[in-house]
Amino acid sequence: MVIALERVLLRFSLPIVAALFLLTIGCVFFWVPTDAGLGLSQRIFYYHVPAATVSFLGFGAGGVASALFLANGRSEWDMAARASISVAMVFATMVLVTGSIWARTAWGTWWTWDARLTTFLVLWMLFASYGLLRSFARGTELGSRYAAVLAIAGTLNIPLVMMATRLWRTIHPQVIANPQGGIQDPAMRATLGLSMIAFLVLFAMLWALQLRVLRLGAKIEVLLLEAVEGGNQR
(Lines give C-alpha, C1' and ligand atoms only; values in the text may rest on other atoms or scores of the structure.)
Protein backbone atom coordinates (compact mmCIF):
# COMPACT_ATOMS: atom_id res chain seq x y z
CA MET A 1 0.00 0.00 0.00
CA VAL A 2 2.78 2.44 0.90
CA ILE A 3 4.72 1.66 -2.28
CA ALA A 4 1.61 2.05 -4.45
CA LEU A 5 0.91 5.47 -2.93
CA GLU A 6 4.50 6.47 -3.53
CA ARG A 7 4.26 5.62 -7.23
CA VAL A 8 1.02 7.53 -7.73
CA LEU A 9 2.39 10.63 -6.02
CA LEU A 10 5.63 10.63 -7.96
CA ARG A 11 3.75 10.31 -11.23
CA PHE A 12 1.19 13.09 -10.81
CA SER A 13 2.27 15.49 -8.05
CA LEU A 14 4.98 17.61 -9.74
CA PRO A 15 2.80 19.46 -12.31
CA ILE A 16 0.08 19.94 -9.69
CA VAL A 17 2.59 21.42 -7.23
CA ALA A 18 4.00 23.77 -9.88
CA ALA A 19 0.55 25.00 -10.91
CA LEU A 20 -0.63 25.49 -7.33
CA PHE A 21 2.42 27.47 -6.24
CA LEU A 22 2.33 29.72 -9.30
CA LEU A 23 -1.31 30.47 -8.55
CA THR A 24 -0.53 30.98 -4.86
CA ILE A 25 2.27 33.46 -5.60
CA GLY A 26 -0.06 35.41 -7.85
CA CYS A 27 -2.73 35.55 -5.16
CA VAL A 28 -0.33 36.51 -2.36
CA PHE A 29 1.37 39.35 -4.21
CA PHE A 30 -1.31 40.64 -6.57
CA TRP A 31 -4.77 39.78 -5.17
CA VAL A 32 -5.03 39.81 -1.39
CA PRO A 33 -5.29 43.22 0.32
CA THR A 34 -2.43 44.57 2.38
CA ASP A 35 -2.90 44.25 6.13
CA ALA A 36 -3.59 47.61 7.75
CA GLY A 37 -1.43 46.91 10.81
CA LEU A 38 1.53 44.87 9.58
CA GLY A 39 1.68 46.01 5.97
CA LEU A 40 3.45 43.92 3.36
CA SER A 41 5.17 41.74 5.97
CA GLN A 42 1.83 40.08 6.74
CA ARG A 43 1.99 38.29 3.38
CA ILE A 44 4.49 35.86 4.86
CA PHE A 45 1.49 34.53 6.78
CA TYR A 46 0.35 32.61 3.67
CA TYR A 47 3.52 30.52 3.83
CA HIS A 48 4.15 30.49 7.57
CA VAL A 49 0.78 29.03 8.60
CA PRO A 50 0.58 26.31 5.89
CA ALA A 51 4.16 25.27 6.68
CA ALA A 52 3.24 24.91 10.36
CA THR A 53 0.09 22.94 9.53
CA VAL A 54 1.92 20.58 7.21
CA SER A 55 4.72 20.05 9.72
CA PHE A 56 2.13 19.04 12.35
CA LEU A 57 0.49 16.62 9.90
CA GLY A 58 3.87 15.20 8.89
CA PHE A 59 5.00 14.64 12.45
CA GLY A 60 1.63 13.16 13.32
CA ALA A 61 1.73 10.81 10.34
CA GLY A 62 5.25 9.79 11.35
CA GLY A 63 4.03 9.00 14.85
CA VAL A 64 1.15 6.89 13.53
CA ALA A 65 3.43 5.02 11.12
CA SER A 66 5.90 4.45 13.97
CA ALA A 67 3.13 2.95 16.11
CA LEU A 68 2.18 0.63 13.24
CA PHE A 69 5.83 -0.38 12.88
CA LEU A 70 6.05 -1.25 16.56
CA ALA A 71 2.79 -3.19 16.29
CA ASN A 72 3.63 -5.38 13.28
CA GLY A 73 7.37 -4.90 12.69
CA ARG A 74 6.98 -4.23 8.95
CA SER A 75 9.88 -2.18 7.60
CA GLU A 76 7.67 -0.28 5.14
CA TRP A 77 5.96 1.48 8.04
CA ASP A 78 9.33 2.38 9.53
CA MET A 79 10.45 3.87 6.21
CA ALA A 80 7.15 5.71 5.84
CA ALA A 81 7.61 7.22 9.30
CA ARG A 82 11.21 8.19 8.63
CA ALA A 83 10.30 9.83 5.31
CA SER A 84 7.36 11.69 6.82
CA ILE A 85 9.35 13.05 9.74
CA SER A 86 12.35 14.08 7.64
CA VAL A 87 10.12 16.05 5.26
CA ALA A 88 8.13 17.54 8.14
CA MET A 89 11.41 18.79 9.61
CA VAL A 90 11.99 20.84 6.45
CA PHE A 91 8.63 22.56 6.89
CA ALA A 92 9.16 22.97 10.65
CA THR A 93 12.47 24.71 9.97
CA MET A 94 10.66 26.93 7.48
CA VAL A 95 8.20 27.81 10.25
CA LEU A 96 11.01 28.93 12.56
CA VAL A 97 12.71 30.98 9.83
CA THR A 98 9.58 32.70 8.52
CA GLY A 99 8.32 33.20 12.07
CA SER A 100 11.54 34.94 13.04
CA ILE A 101 11.35 37.23 10.01
CA TRP A 102 7.73 38.09 10.75
CA ALA A 103 8.49 38.62 14.47
CA ARG A 104 11.25 41.08 13.60
CA THR A 105 8.71 43.21 11.76
CA ALA A 106 5.77 42.79 14.14
CA TRP A 107 7.51 42.71 17.54
CA GLY A 108 10.89 44.29 16.82
CA THR A 109 12.85 41.15 17.75
CA TRP A 110 13.91 37.99 15.95
CA TRP A 111 12.93 35.73 18.84
CA THR A 112 11.08 35.82 22.13
CA TRP A 113 10.39 33.02 24.58
CA ASP A 114 6.67 33.13 23.94
CA ALA A 115 4.71 29.99 24.86
CA ARG A 116 3.81 29.11 21.25
CA LEU A 117 7.34 29.72 19.98
CA THR A 118 8.97 27.83 22.83
CA THR A 119 6.73 24.76 22.59
CA PHE A 120 7.25 24.64 18.83
CA LEU A 121 11.02 24.85 19.29
CA VAL A 122 10.82 21.93 21.75
CA LEU A 123 8.85 19.98 19.13
CA TRP A 124 11.50 20.77 16.52
CA MET A 125 14.28 19.63 18.86
CA LEU A 126 12.48 16.35 19.64
CA PHE A 127 12.27 15.42 16.00
CA ALA A 128 15.78 16.68 15.33
CA SER A 129 16.83 14.17 17.99
CA TYR A 130 14.88 11.55 16.04
CA GLY A 131 17.00 12.30 12.98
CA LEU A 132 20.22 12.07 14.99
CA LEU A 133 19.14 8.76 16.49
CA ARG A 134 18.41 7.36 13.03
CA SER A 135 21.82 8.48 11.82
CA PHE A 136 23.74 7.01 14.74
CA ALA A 137 21.74 3.77 14.79
CA ARG A 138 22.59 3.11 11.11
CA GLY A 139 19.48 1.09 10.32
CA THR A 140 19.68 -1.39 13.21
CA GLU A 141 16.43 -2.99 14.40
CA LEU A 142 16.87 -1.74 17.95
CA GLY A 143 17.66 1.77 16.75
CA SER A 144 14.52 1.79 14.59
CA ARG A 145 12.38 0.81 17.57
CA TYR A 146 13.89 3.44 19.85
CA ALA A 147 13.34 6.03 17.11
CA ALA A 148 9.72 4.91 16.75
CA VAL A 149 9.13 5.44 20.47
CA LEU A 150 10.71 8.90 20.24
CA ALA A 151 8.49 9.75 17.27
CA ILE A 152 5.37 8.77 19.20
CA ALA A 153 6.49 10.86 22.18
CA GLY A 154 7.12 13.82 19.90
CA THR A 155 3.71 13.45 18.30
CA LEU A 156 2.06 13.69 21.71
CA ASN A 157 3.59 17.17 22.04
CA ILE A 158 1.73 18.52 18.98
CA PRO A 159 -1.57 19.29 20.80
CA LEU A 160 0.39 21.24 23.42
CA VAL A 161 1.90 23.45 20.71
CA MET A 162 -1.48 24.00 19.05
CA MET A 163 -3.18 24.92 22.35
CA ALA A 164 -0.34 27.09 23.69
CA THR A 165 -2.08 30.36 22.82
CA ARG A 166 -5.10 29.27 24.88
CA LEU A 167 -3.30 27.67 27.81
CA TRP A 168 -0.87 30.53 28.52
CA ARG A 169 -0.68 34.27 28.07
CA THR A 170 1.05 34.78 24.77
CA ILE A 171 1.74 37.54 22.26
CA HIS A 172 1.50 35.12 19.37
CA PRO A 173 -1.65 36.00 17.41
CA GLN A 174 -4.58 33.60 17.15
CA VAL A 175 -5.50 34.24 13.55
CA ILE A 176 -7.49 31.30 12.22
CA ALA A 177 -10.02 30.55 14.96
CA ASN A 178 -10.29 33.97 16.52
CA PRO A 179 -13.89 35.22 16.99
CA GLN A 180 -12.60 38.72 17.78
CA GLY A 181 -10.52 39.19 14.67
CA GLY A 182 -8.26 37.21 12.41
CA ILE A 183 -8.55 37.10 8.66
CA GLN A 184 -12.00 38.18 7.55
CA ASP A 185 -11.47 39.22 3.95
CA PRO A 186 -12.70 36.54 1.50
CA ALA A 187 -9.59 36.97 -0.65
CA MET A 188 -7.37 36.30 2.38
CA ARG A 189 -9.35 33.19 3.31
CA ALA A 190 -9.29 31.85 -0.24
CA THR A 191 -5.56 32.46 -0.60
CA LEU A 192 -4.84 30.78 2.71
CA GLY A 193 -6.88 27.75 1.64
CA LEU A 194 -5.05 27.59 -1.68
CA SER A 195 -1.70 27.81 0.09
CA MET A 196 -2.74 24.99 2.42
CA ILE A 197 -3.54 22.75 -0.55
CA ALA A 198 -0.28 23.67 -2.30
CA PHE A 199 1.79 22.84 0.79
CA LEU A 200 -0.06 19.57 1.34
CA VAL A 201 0.59 18.42 -2.22
CA LEU A 202 4.23 19.53 -1.94
CA PHE A 203 4.59 17.54 1.27
CA ALA A 204 3.09 14.46 -0.40
CA MET A 205 5.50 14.74 -3.31
CA LEU A 206 8.57 15.21 -1.10
CA TRP A 207 7.44 12.34 1.13
CA ALA A 208 7.20 10.03 -1.89
CA LEU A 209 10.64 11.12 -3.11
CA GLN A 210 12.20 10.61 0.31
CA LEU A 211 10.53 7.22 0.65
CA ARG A 212 11.97 6.11 -2.68
CA VAL A 213 15.43 7.31 -1.63
CA LEU A 214 15.18 5.30 1.59
CA ARG A 215 14.02 2.16 -0.23
CA LEU A 216 16.80 2.42 -2.80
CA GLY A 217 19.34 3.05 -0.03
CA ALA A 218 18.17 -0.10 1.77
CA LYS A 219 18.54 -2.14 -1.43
CA ILE A 220 22.04 -0.78 -1.99
CA GLU A 221 23.04 -1.76 1.54
CA VAL A 222 21.76 -5.29 0.94
CA LEU A 223 23.69 -5.55 -2.33
CA LEU A 224 26.86 -4.24 -0.73
CA LEU A 225 26.51 -6.71 2.14
CA GLU A 226 26.00 -9.59 -0.29
CA ALA A 227 29.03 -8.48 -2.30
CA VAL A 228 31.20 -8.32 0.83
CA GLU A 229 30.02 -11.75 1.99
CA GLY A 230 30.60 -13.19 -1.46
CA GLY A 231 34.12 -11.75 -1.52
CA ASN A 232 34.90 -13.20 1.91
CA GLN A 233 33.75 -16.66 0.87
CA ARG A 234 36.19 -16.62 -2.03
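Here is what the cut-offs are and how they apply
- Residues numbered from 1 in each chain as written.
- Predicted model: local features only at pLDDT ≥ 70, side-chain atom pairs only at ≥ 80, totals over all residues.
- Heavy atoms only, no water.
- Helix = DSSP H or I, 4+ residues; strand = E, 2+ residues; numbered from the N terminus.
- Buried < 20%, exposed > 50% of the residue type's maximum accessible area, 1.4 Å probe, protein only.
- Salt bridge = Lys/Arg side-chain N within 4 Å of Asp/Glu carboxyl O.
- Expected span 1.5 Å × (residues − 1).
- Contact = heavy atoms within 4.5 Å.

Chemist: Explanation requested: the environment of Ala61 in the structure shown.
Modeler: By the secondary structure assignment, Ala61 is in helix H2 (residues 45–72). On the basis of relative accessible area, Ala61 is assigned to the partly exposed category, the value being 37%. The spacing of Ala61 and Ala81 is 20 residues in sequence and 7.0 Å in space, taken between C-alpha atoms.

Chemist: For this particular structure, what's the right way to read the pattern of salt bridges?
Modeler: Close approach of charged atoms allows side chains of opposite charge to pair. Applying the stated criterion across every chain, the model contains three salt bridges. Linking Glu76 and Arg74 is a salt bridge whose minimum nitrogen-to-oxygen distance equals 2.6 Å. Judged by its relative accessible area of 17%, Glu76 falls in the buried class. By relative accessible area, Arg74 is classed as partly exposed at 45%. Note that Asp78 and Arg134 form a salt bridge whose closest N and O atoms lie 2.9 Å from each other. On the criterion of sequence distance, the pair formed by Asp78 in helix H3 (residues 75–106) and Arg134 in helix H4 (residues 115–137) is long-range, its members being 56 residues apart.

Chemist: Honestly, H4 in this entry has me stumped. Any pointers?
Modeler: Note on helix geometry: an α-helix contains 3.6 residues per turn, so any two residues three or four positions apart are oriented the same way. End to end, H4 covers 33 Å across 23 residues, agreeing with the expected 33 Å (1.5 Å per residue, within 8%). All of the buried residues along H4 are Ala115, Arg116, Leu117, Thr119, Phe120, Leu121, Leu123, Phe127, Tyr130, Arg134 and Ala137. Buried residues belonging to H4 abut H2, H3, helix H5 (141–155), helix H6 (158–162) and helix H7 (164–167). Just downstream of H4, Arg138 is the residue with a positive phi angle, here 55°.

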